[in-house]
Amino acid sequence: MKSEEKIPILRIEDALLASIQIPLHDKLALEFQHDLMVSIEKTRAKGLIIDISAIDVVDSFITRILVEIARMASLMGVKTVIVGLRPEISITLVEFGVQFDGIETALNLEKGLEKLRVWKSK
Amino acid sequence: MEIKVACEYDIVIARSAAKTEAKKLGFTIVDQTRIATAISELARNIVVHGSDGIVRIEEIEKGDRKGLEIWAIDRGPGIENIELALKDGWTSGGGLGIGLGGAKRLMDEFEIQSEVGKGTKVRVVKWMRN
Ligand SMILES: Nc1ncnc2c1ncn2[C@@H]1O[C@H](COP(=O)(O)OP(=O)(O)O)[C@@H](O)[C@H]1O
Ligand SMILES: [Mg+2]
């Protein structure tokens, strides 16, 4: 059974954009990962932007989910950029010792798209 | 304040409660985030590794300093080797293995007691800067 909550995935230029607005739990996270990969396949998107500006706690669980998404997307030739880390979250992450292995970050959506464009033109 | 922690949704309830209390006490947004993140880790440990747990949040005072004391207590299987459990990157399965170490770094005080077969108690404190 699918849960009722869903994280919407939008198309913007030739990238996909997903804003995480609700706290992820295990099941939702798995569905989100699956939905993203299906969307990448369907749309042939070149980039993936995940907006976490609505998230007030980034713990090791969500970090693991994000790192996994970036890895999966990368296997499909898609570059992931995480945008919208609030200042207090960046500070906490560094002290926490969490590693965003292999994940690109950008301040906001605009900068995220810029990063994808630069990457594409390389 | 005491919050029952039995399923994933309770993790969000526990960390939101901790954040709200921290805000009420006057902690900065960065400290609120440190506290909420640490509690998220401890509550998740109850759900994933322990069972039948609670998170207790209390305002404390020492001299003219105010602080927030949080207990995460469960009656799960306990931890055999605490030193190992605290090591960054060590997990008995599924996680990143940085929850306990991370919670320790984010808080000012960190104590853990665990007995195999009985359960685990973690106490953390954050002090307000005067
Ligand atoms: N409440 C608990 N009850 C039993 N074992 C625990 C508990 N909390 C932590 N542990 C043990 O300590 C290990 C390390 O915990 P942690 O640093 O949070 O990493 P993770 O949860 O990612 O494994 C866990 O893998 C688990 O074996
Ligand atoms: Mg953990």
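Scroll up to find the structure this text is about.
Residues numbered from 1 in each chain as written. Chains lettered and ligands numbered in written order. Predicted model: local features only at pLDDT ≥ 70, side-chain atom pairs only at ≥ 80, totals over all residues. Heavy atoms only, no water.

Novice: Whenever I open this one, the environment of A:Leu30 confuses me. Can you help?
Specialist: Residues and elements named next belong to chain A. Residue placement: Leu 30 occurs in helix H1 (residues 26–43). On the basis of relative accessible area, Leu 30 is assigned to the exposed category, the value being 56%. The spacing of Leu 30 and Val 98 is 68 residues in sequence and 21 Å in space, taken between C-alpha atoms. (Helix = DSSP H or I, 4+ residues; strand = E, 2+ residues; numbered from the N terminus. Buried < 20%, exposed > 50% of the residue type's maximum accessible area, 1.4 Å probe, protein only.)

Novice: Would you mind going over helix H4 (residues 109–121) of chain A with me for this structure?
Specialist: Residue pairs three or four apart in sequence face the same way in an α-helix, which turns once every 3.6 residues. Residues and elements named next belong to chain A. Across its 13 residues, H4 extends 18 Å between first and last C-alpha, which sits within 8% of the 18 Å expected from 1.5 Å per residue. Within H4, the full set of buried residues consists of Gly 112, Leu 113 and Leu 116. Along the axis of H4, the buried residues cluster in a sector spanning 95°; they form a single face. Opposite the buried face of H4, at more than 90 degrees from it, the exposed residues are Glu 110 and Ser 121. Among the structural elements, strand E1 (9–12), strand E2 (15–19), strand E3 (47–51), strand E4 (79–83) and strand E5 (104–106) are those in contact with the buried residues of H4. (Expected span 1.5 Å × (residues − 1). Arc of directions from axis to C-beta. Contact = heavy atoms within 4.5 Å.)

Novice: In this structure, what is going on with the site of ligand 1? I would like to understand it.
Specialist: Residues and elements named next belong to chain B. Near ligand 1, the surroundings consist of 17 residues, among which His 49, Asp 74, Thr 91, Ser 92 and Gly 97 are the closest. Within the backbone of Gly 97, an N or O atom sits 2.8 Å from an oxygen atom of ligand 1. If ligand 1 stood free it would expose 530 Å²; the protein chains cover 93% of that surface. For the shell around ligand 1, a count of residues per class yields six nonpolar, ten polar and one charged. (Near = heavy atom within 4 Å. Polar contact = N/O pair within 3.5 Å; in protein donor to acceptor, adjacent residues only side chain to side chain. Areas by Shrake-Rupley, 256 points an atom, 1.4 Å probe, with all protein chains shown as cover. Nonpolar A, V, L, I, M, F, W, Y, C, P; charged D, E, K, R; others polar.)

Novice: Whenever I open this one, the pattern of salt bridges confuses me. Can you help?
Specialist: When the charged atoms of two side chains lie near each other, side chains of opposite charge can form a pair. Across all of its chains, the model carries 23 salt bridges over all chains by this definition. A cluster of three or more residues bridged by salt bridges with shared partners is formed by A:Glu95, B:Asp31, B:Arg34 and B:Arg129. (Salt bridge = Lys/Arg side-chain N within 4 Å of Asp/Glu carboxyl O.)

Novice: Looking at this structure, how should I read the side chain of B:Glu41?
Specialist: With respect to the helices and strands, the residue B:Glu41 is situated in helix H2 (residues 29–48). Contacts of B:Glu41, omitting those with residues within four sequence positions, involve A:Asp59, A:Ser60, A:Phe61, A:Phe96 and B:Gly99.

Novice: Can you walk me through unusual backbone geometry in this structure?
Specialist: Glycine aside, residues mostly have negative phi angles, and peptide bonds mostly take the trans form. Residues and elements named next belong to chain A. Backbone geometry places Glu 13, a non-glycine residue, at a positive phi of 50°. Counting through the fold element by element, Glu 13 comes out in the loop between E1 and E2. According to the relative accessible area criterion, Glu 13 is partly exposed, its value standing at 49%. Non-glycine residue Arg 44 carries a positive phi angle of around 55°. The residue Arg 44 is located in the loop between H1 and E3 in this model. Overall, the relative accessible area of 63% leaves Arg 44 in the exposed class.

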